[in-house]
Amino acid sequence: MKEPKRMQDTIVVKSAQVFPPDTNYYGTLFGGKLMAHIDDVASISATRFARNPTVTASTDSVDFIRPIKVGDTVTLKAMVTHTGRSSMEVFVRVTSENLITGAEEVAAISFLTFVALNENGQPVEVGSVVPESEEEKWLSDTAPARAAYRKTRKDHSKELALFFKKI
């Protein structure tokens with residue numbers, strides 16, 4: 001049995017400035033570029049928690065709340081919020097900052113699921129995560145509902161895969 005770990009010990013923070021090559025026609029950060037940043041910090045958080053290699057099992061959502069403009073700094077904060085036997089839910093909060101005015105806003109949020117693997121590529125037990133702050137407790141308390149929704153969505157995706165296999 002693995003020792004429980006505190007949520008705060010899984011926190012990963014990454015910041016980057018948004019340059020013109022990172023943006024679309026409207027001068028805002030490409031969604032795919034942000035998604036790559038999100039997967040990157042989430043995988044570091046999950047691997048730090050599991051102390052094993054991890055793979056992305058699902059991206060539950062990426063909700064773009066406000067555009068991130070060229071010249072802004074984008075900061076991502078990831079942490080493991082819930083665990084199963086070998087899986088980990090990771091929450092990522094994305095903020096943008098206008099470096100001239102100092103205005104900072106939440107630009108996106110995302111939940112992802114990772115699975116820890118052993119040297120043979122088989123799932124391995126990860127242990128539990130312990131929330132301490134109010135934010136962490138809320139994320140932990142609401143995780144079972146997200147896990148149930150995730151299972152329903154995955155079952156639906158399997159049905160769709162079977163349907164499209166027949167076409």
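Structural data are supplied above this passage.
Residues numbered from 1 in each chain as written. Predicted model: local features only at pLDDT ≥ 70, side-chain atom pairs only at ≥ 80, totals over all residues. Heavy atoms only, no water.

Asks: Looking at this model, I keep getting lost on the packing of aromatic side chains. Mind explaining?
Replies: For any pair of aromatic rings, the description consists of the separation of the ring centres together with the inter-plane angle of the planes. Considering all chains together, one arrives at 3 aromatic pairs under this definition. Both rings, one in Tyr25 and one in Tyr26, keep their centres 5.3 Å apart while their planes meet at 90°; by these two values the pair is edge-to-face. Its relative accessible area of 77% is what places Tyr25 among the exposed residues. When the centroid spacing of 5.1 Å and the interplanar angle of 75° are considered together, the rings of Phe163 and Phe164 count as edge-to-face. Given a relative accessible area of 46%, Phe163 falls into the partly exposed group. (Phe/Tyr/Trp six-rings, centres within 6.5 Å; stacked < 30°, edge-to-face > 60°. Buried < 20%, exposed > 50% of the residue type's maximum accessible area, 1.4 Å probe, protein only.)

Asks: Could you clarify how one ought to interpret the pattern of salt bridges in this entry?
Replies: A side chain with one charge may pair with a side chain of the opposite charge, provided their charged atoms come close. The full count for this structure, using the stated rule, is 11 salt bridges. Residues Arg6 and Glu132 are paired through a salt bridge, measuring 3.8 Å at the closest nitrogen-oxygen approach. Here Glu132 lies in the loop between strand E7 (129-130) and helix H2 (134-166) and Arg6 lies in strand E1 (residues 5-6), a separation of 126 residues in the sequence. With a relative accessible area of 33%, Arg6 lands in the partly exposed category. Residue Glu89 is joined to Arg150 by a salt bridge in which the shortest nitrogen-to-oxygen separation is 2.7 Å. Here the residue Glu89 occupies a position in strand E5 (residues 87-97), and Arg150 occupies one in helix H2, the gap between them amounting to 61 residues. Each member of the pair Glu89 and Arg150 is classed as buried. (Salt bridge = Lys/Arg side-chain N within 4 Å of Asp/Glu carboxyl O. Helix = DSSP H or I, 4+ residues; strand = E, 2+ residues; numbered from the N terminus.)

Asks: Explanation requested: the pairing of strand E6 (residues 104-116) in the structure shown.
Replies: Put simply, side chains in a regular strand alternate between the two faces of the sheet. Looking at chain direction, strand E3 (residues 54-64) and E6 are connected through 9 bridges and run antiparallel. Bridged to Val62 within E6 is Ser110. Hairpin connection between E5 and E6: a loop of 6 residues separates the two successive antiparallel strands, and Gly102 in this loop has a positive phi of roughly 85°. (Pairing = 2+ DSSP bridges.)

Asks: When you look at H2 in this model, what are you seeing that I'm missing?
Replies: Residues spaced three or four apart along an α-helix point in a common direction, a consequence of the helix completing one turn every 3.6 residues. With 33 residues, H2 should reach 48 Å at 1.5 Å per residue; the first-to-last C-alpha distance of 48 Å fits that figure. Within H2, the axis deviates most sharply at Ala143, by approximately 40°, and proline Pro144 lies no more than four positions further along. Every buried residue of H2 is accounted for by Glu136, Leu139, Ser140, Ala143, Arg146 and Arg150. Looking at the buried positions of H2, the neighbouring elements they touch are E3, strand E4 (73-83), E5, E6 and E7. (Expected span 1.5 Å × (residues − 1). Bend = angle between axes of the 7 residues up to and from the residue. Contact = heavy atoms within 4.5 Å.)

Asks: What's the story with helix H1 (residues 31-50) in this structure? I'm lost.
Replies: In a regular helix each residue adds 1.5 Å, so 20 residues correspond to 28 Å; H1 covers 28 Å between its end C-alpha atoms and thus fits that length. The set of residues buried in H1 consists of Leu34, His37, Ile38, Val41, Ala42, Ser45, Ala46, Phe49 and Ala50.

Asks: Got a minute to help me understand a nonpolar patch on the surface in this structure?
Replies: Side chains of Leu160, Phe163, Phe164 and Ile167 sit close together on the surface and give an oily, nonpolar patch of about 450 Å² of accessible area. Looking at the element boundaries, Ile167 is found in the segment after H2. (Patch = residues over 30% accessible without salt bridge, like charges linked within 9 Å, V, L, I, M, F, W, Y side chains within 5 Å. Areas by Shrake-Rupley, 256 points an atom, 1.4 Å probe, with all protein chains shown as cover.)

Asks: It is not clear to me how the environment of Ser87 should be interpreted in this structure. Could you clarify?
Replies: Relative to the elements of secondary structure, Ser87 occurs in strand E5. In this structure Ser87 comes out as partly exposed when scored by relative accessible area, which is 25%. Taking the C-alpha atoms as reference points, Ser87 and Val124, separated by 37 residues in sequence, lie 8.7 Å from one another. Beyond its immediate chain neighbours, meaning those up to four positions away, Ser87 contacts His82, Thr113, Phe114, Val115 and Val126.

Asks: What am I meant to see in the sheet that holds E4 here?
Replies: Strand pairing in a sheet relies on backbone hydrogen bonds. The paired strands run either parallel or antiparallel. Taken in spatial order, the 5 strands of this open sheet run E2-E4-E5-E6-E3, and their pairing is antiparallel. At either margin of the open sheet sits one strand with a lone partner, and together these are strand E2 (12-17) and E3. The mean inter-strand angle of the sheet, taken between neighbouring strand axes irrespective of direction, is 20°. H1 rests against E2, E3, E4, E5 and E6 of the sheet, and its axis sits at about 40° to E4. On the sheet, H2 packs against E3, E4, E5 and E6 and is oriented at approximately 75° with respect to E4. (Axes fitted to C-alpha atoms, helices over the stretch in contact; angles between N-to-C directions.)

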